[in-house]
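Spelled out from the first residue to the last, the chains are:
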Amino acid sequence: MQKAFQRIAIFGVGLIGGSFALALKKAGAVEQIVGVGRSQASLEKAQQLGIINEIALNAEQALRNCDLVLIAAPVAQTGAILKAIYPHLQAGTIVTDAGSTKADVVAAARASLGEKIAQFVPAHPIAGRELNGPEAALVDLYVGKKAVITRLPENTDADVARVAWAWQQCGAIIHHLEPAAHDGVFAAVSHLPHLLAYALVDDIARKPHADTLFQYAASGFRDFTRIAGSSPEMWRDISLANRAAMLQELDSYTARLSILRQHLVDANSDGIEGIYANAQRARHNWISAIEAAEKQQREGGD
């Protein structure tokens, strides 16, 4: 039986960290939350919104008497944050993160935490929206969503269970992957789609008749490009951190585009329809699997 956290420190109180805080508070799983960040205005806003109870000026103040530390900042900041945490990290305090890449985060943790590496349990909640900042935080952001834990060999079962319990209190469903496997999966289904959405909107925006194009863009364009409204800084860091896997997926996608382009050149209707039909079947199967899993979860909850 897990007990509530007495004090949690969150580095980054925007959408991800703020939603984590709100959900834990609603669940009664934490007594006090302290926020740390680069923007004093964001921290003050988070306090006004009831996301955090206290603002910490530095890592030493933030880690005082903490049970859990969540790093919910852009992944490129992870190493610097962990270095700041290291001198003040007491035995019994667990550190976790919410980064969208894991191999680079684990490498940064090993370099920064040294002999305290066992206290770092890497994780990634698979949830988000295109808005940023404390105002974007939602109490139910993680309900029914996956939270992937990429445990290290040094982690104890108790610490992994504690991190899993925290995400479960937010409504998340726990999954486990190795860091490298995690990065390969999300390069294909998350990181590449963001790159493509950004590239398409950037291309449209640079055309001399961009105003006219955007004027006639409708729901299909809006749905496809929604994720291009996400934080450029965050996705720049993710793209660079996972660039090897992303390049592999981008090459695969480019090869598929080349085949489709040749079908267009040749006016090959069968070839075009074949690609479209295969994609349609795959998407229908994927959606059906999601709906079946959600139904099973609801029935299990009943």
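The structure displayed is predicted, hence computed values, not measured ones.

Draft legend 1. Focus on the sheet that holds strand β9 (residues 173-176). One open sheet accounts for three strands, arranged β7-β8-β9; its pairing is mixed. Two strands close off the open sheet at either side, each with one partner strand: β7 (123-125) and β9. The average angle at which neighbouring strand axes cross in this sheet is 20 degrees, direction not considered. Alignment of β7 against strand β8 (residues 146-149), held across three bridges, turns out to be antiparallel. Its bridge partner being in β8, histidine 124 is matched across the sheet by valine 148.

Draft legend 2. Broad picture of the pattern of salt bridges. Under the counting rule described, the total for this entry stands at eight salt bridges. The partner of arginine 38 in a salt bridge is glutamate 233, with the nearest N and O atoms 3.2 Å apart. Of this pair, arginine 38 sits in the loop between β2 (30-36) and α2 (40-48) while glutamate 233 sits in helix α10 (residues 232-241), and the two are 195 residues apart along the sequence. Arginine 38 sits in the exposed class, given a relative accessible area of 64%. The exposure class assigned to glutamate 233 is partly exposed, which follows from its relative accessible area of 26%. Of the charged contacts, one joins aspartate 203 and lysine 207 as a salt bridge, the two residues approaching to 3.5 Å between their closest N and O atoms.

Draft legend 3. Spatial organisation of the side chain of serine 230. Turning to its location among the elements, serine 230 is positioned in the loop between α9 (219-225) and α10. A relative accessible area of 8% places serine 230 in the buried class. Polar contacts involving the side chain of serine 230 include one to the main-chain carbonyl oxygen of isoleucine 227, which spans 2.9 Å. Residues contacting serine 230, with those up to four places away along its chain left out, are Arg129, Glu130, Asn132, His194, Tyr198 and Trp235.

Draft legend 4. Structural view of the packing of helix α7 (residues 179-206) against α10. Where α7 meets α10, the axes come as close as 11 Å, and the angle between the chain directions of the two elements is 125 degrees. Here α7 lies oblique to α10, going by the angle between them. Our pair here, α7 against α10, has a crossing hand that is left-handed. Between α7 and α10, the contacting residues are Ser190, His191, His194 and Tyr198 on the first element and Pro232, Trp235 and Ile238 on the second. Taken together, the residues that form the contact of α7 with α10 break down as four nonpolar, three polar and no charged.

Reading the values: the criteria
- Residues numbered from 1 in each chain as written.
- Predicted model: local features only at pLDDT ≥ 70, side-chain atom pairs only at ≥ 80, totals over all residues.
- Heavy atoms only, no water.
- Pairing = 2+ DSSP bridges.
- Helix = DSSP H or I, 4+ residues; strand = E, 2+ residues; numbered from the N terminus.
- Axes fitted to C-alpha atoms, helices over the stretch in contact; angles between N-to-C directions.
- Salt bridge = Lys/Arg side-chain N within 4 Å of Asp/Glu carboxyl O.
- Buried < 20%, exposed > 50% of the residue type's maximum accessible area, 1.4 Å probe, protein only.
- Polar contact = N/O pair within 3.5 Å; in protein donor to acceptor, adjacent residues only side chain to side chain.
- Contact = heavy atoms within 4.5 Å.
- Parallel < 35°, antiparallel > 145°, perpendicular 65-115°, else oblique.
- Left-handed = near helix turned anticlockwise from the far one by under 90°.
- Nonpolar A, V, L, I, M, F, W, Y, C, P; charged D, E, K, R; others polar.

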